[in-house]
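Summary of structural features
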Amino acid sequence: MEVTKLYLIVGTFNQNIQIMDVQNHNHIGTLSGHIGTVTCLSTTPCGRFMFSASVDTTVQVWSLEKMLPIQTLQRHEKAIYALALWHDTLYSGSEDMEIKLYKHFRL
């Protein structure tokens with residue numbers, strides 16, 4: 001689960017990400033793109049972008065302004081259970097016992 005100034009965002013077992021309005025909790029939309037349970041989410045400080053990880057071994061990069069996927073990152077061999085964003089680097093931790101770094105995000 002992630003909370004921004006605008007959205008309450010929840011990853012689900014049914015491979016989707018649900019977006020709700022943080023003020024009134026109305027459902028805004030559903031993001032689809034993973035083929036496995038969404039295990040963790042991370043948003044950028046500006047709230048414009050989001051990263052989602054899944055048991056499908058991928059990290060998806062999303063535009064929260066357009067509610068569309070931007071890119072799929074595939075570097076793990078097993079399910080991803082941890083995401084952390086620090087400055088311009090995204091870290092992902094996986095059941096494959098590895099931590100991957102994705103640098104130079106211009107957010």
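A short tour of the structure in this document, coming up. (Residues numbered from 1 in each chain as written. Predicted model: local features only at pLDDT ≥ 70, side-chain atom pairs only at ≥ 80, totals over all residues. Heavy atoms only, no water.)

Taken together, the three strands give an open sheet; going across it, the order is S9-S10-S11, and neighbouring strands pair in antiparallel fashion. Of all the strands in the sheet, the pair left with one neighbour each is strand S9 (80-86) and strand S11 (99-102). Going from strand to strand, the sheet's axes swing by 20° on average, the running direction of each strand aside. Summarising the sheet, S9 and strand S10 (residues 89-94) pair through six bridges and their orientation is antiparallel. (Pairing = 2+ DSSP bridges. Helix = DSSP H or I, 4+ residues; strand = E, 2+ residues; numbered from the N terminus. Axes fitted to C-alpha atoms, helices over the stretch in contact; angles between N-to-C directions.)

Let us look at the side chain of Thr-4. With respect to the element layout, Thr-4 can be found in the loop between strand S1 (2-3) and strand S2 (7-11). A polar side-chain atom of Thr-4 sits 3.2 Å from the main-chain amide nitrogen of Leu-6. In this structure Thr-4 touches Ile-9, Val-22 and Thr-43, once residues within four positions along its chain are discounted. (Polar contact = N/O pair within 3.5 Å; in protein donor to acceptor, adjacent residues only side chain to side chain. Contact = heavy atoms within 4.5 Å.)

By size, the foremost hydrophobic cluster in this structure holds 11 residues: Cys-40, Phe-51, Ala-53, Val-59, Val-61, Leu-73, Ile-80, Leu-83, Leu-85, Leu-90 and Tyr-102. Looking at this core, the elements with two or more residues in it are strand S6 (49-54), strand S7 (59-63) and S9. The element contributing the most residues to this core is S9, with three residues. In this structure Leu-83 touches Cys-40, Leu-41, Ser-42, Phe-51, Ser-52, Ala-53, Val-59, Leu-90, Tyr-91 and Ser-92, once residues within four positions along its chain are discounted. (Core = buried A, V, L, I, M, F, W, Y, C linked by side-chain atoms within 4.5 Å. Buried < 20%, exposed > 50% of the residue type's maximum accessible area, 1.4 Å probe, protein only.)

Locating Asn-26 in the fold gives a position in the loop between strand S3 (16-21) and strand S4 (27-32). When its relative accessible area of 46% is taken as the criterion, Asn-26 is described as partly exposed. Taking C-alpha positions, Asn-26 is 9.9 Å from Tyr-7, a pair spaced 19 residues apart along the chain. Not counting residues up to four positions away in its chain, the partners in contact with Asn-26 are Ile-19, Met-20 and Asp-21.

Pairing is antiparallel across the open sheet formed by four strands, whose spatial order is S5-S6-S7-S8. The open sheet is flanked by strand S5 (38-43) and strand S8 (68-73), the only strands paired with a single partner. Across this sheet, the average inter-strand angle for adjacent strands is 25°, counted without regard to direction. Here S5 pairs with S6 via five bridges, running antiparallel. Across the sheet, Leu-41 pairs through a bridge with Ser-52, a residue of S6.

You will see that Gln-15, though not glycine, has its phi angle at about 75°, which is positive. Looking at where Gln-15 falls in the secondary structure, it is placed in the loop between S2 and S3. Of the residues examined, Gln-15 reaches a relative accessible area of 33% and is grouped as partly exposed. With phi around 55°, His-87 is a residue other than glycine that occupies positive phi space.

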